[in-house]
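The lines below spell out each chain.
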Amino acid sequence: MSHIPLNELKAMQEKLGLKEFNKIKYGTGMINKKTPAHSFKRENKNRPTELSARRPVPKTHFVAKEKITRDPRFDDLSGEFNEHIFKKTYSFISDVKTKEKMKLKKIIEKTTDKEKKIELKQLYNRLVQKELAEVRKNKKEELERQWKKKEFEQVQEGKKPYFLKKSEKKALLDAEFKKELEETGKMQKYLTRKSKKLAAKEKRKNAWSTEDI
């Protein structure tokens, strides 16, 4: 197109438009011809990706987030522990323990091996003692709730509340416990067991005194 006068080329450009004019002038393969991008491949998937030396390596890097583990028993996100609600929610556990105790009692009755029978009896007695301790603890908590309620009522009435001492609480609890034993007919058994316990304690005390001499 070098032989065509400049004014004719300009007129042709205006008529065809710049894009079509450039196609005729330079050819279709010359416009916006991009060089194919080189693809960098890894010979092994465990190796790092190969990067072009012509481009700067990006500064950003990813750091793996630290895994945070938490124990819901000691985490504030789980709320505060309420023993009363906990016992109410899992009250079925006491029924399970009672069934296990009855099952163990039947096993003891059927066991003929003396040593095995002694072990099972000791286990049964431990379960009974734990059950009694739990009952007494629940009774104590119930009495404490009643005492606090009375103290609160006295404050509401404008009276000066009387706060029980630990010794007084213990005395009231013992009285309530003995009353319950009398009602269930277990008082004599309790006194016998207590006297045996005191006798054994006194015996150990005397033995230690003799050794010191």
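Everything here concerns the structure above.
Predicted model only: the values in this text are computed from it and were never measured.

The rules we used
- Residues numbered from 1 in each chain as written.
- Predicted model: local features only at pLDDT ≥ 70, side-chain atom pairs only at ≥ 80, totals over all residues.
- Heavy atoms only, no water.
- Helix = DSSP H or I, 4+ residues; strand = E, 2+ residues; numbered from the N terminus.
- Buried < 20%, exposed > 50% of the residue type's maximum accessible area, 1.4 Å probe, protein only.
- Contact = heavy atoms within 4.5 Å.
- Areas by Shrake-Rupley, 256 points an atom, 1.4 Å probe, with all protein chains shown as cover.
- Axes fitted to C-alpha atoms, helices over the stretch in contact; angles between N-to-C directions.
- Parallel < 35°, antiparallel > 145°, perpendicular 65-115°, else oblique.
- Left-handed = near helix turned anticlockwise from the far one by under 90°.
- Expected span 1.5 Å × (residues − 1).
- Arc of directions from axis to C-beta.

Asker: Sorry, what's going on with the overall build of the protein here?
Answerer: Broken down by element type, the protein carries 7 helices and 0 strands. Listing the helices and strands of the protein from first to last along the sequence gives α-α-α-α-α-α-α. For the protein, with 213 residues in total, the buried portion stands at 9%. Of the contacts formed within the protein by residues at least 6 apart in sequence, a portion of 31% connects residues at least 24 apart. Split by element, the accessible area of the protein, about 20900 Å² in all, is 55% carbon and sulfur.

Asker: Would you mind going over the packing of helix α1 (residues 6–16) against helix α2 (residues 18–26) with me for this structure?
Answerer: Helix packing for two helices is described by the angle between their axes and how far apart those axes are. One way to put it is that α1 packs onto α2 with a least axis distance of 6 Å and a crossing angle of 125 degrees. On the basis of the axis angle, α1 is oblique to α2. Of the two possible hands of crossing, α1 and α2 adopt the one that is right-handed. Together, Leu-9, Met-12, Gln-13 and Leu-16 of α1 and Leu-18, Glu-20, Phe-21 and Ile-24 of α2 make up the contact between the two elements.

Asker: So what exactly am I meant to see when it comes to helix α4 (residues 92–110) here?
Answerer: Because an α-helix completes one turn every 3.6 residues, residues spaced three or four positions apart along the sequence face the same direction. The end-to-end C-alpha separation of α4 is 28 Å, in line with the 27 Å expected for 19 residues at 1.5 Å each. For α4, the full list of buried residues reads Lys-101, Leu-104 and Ile-108. Angular distribution of buried residues about the axis of α4 spans 65 degrees; they occupy a single face of the element. Exposed residues on α4 whose side chains face more than 90 degrees from its buried face are Lys-99, Lys-103, Lys-106, Glu-109 and Lys-110. Lining the buried residues of α4 we find α5 (114–156).

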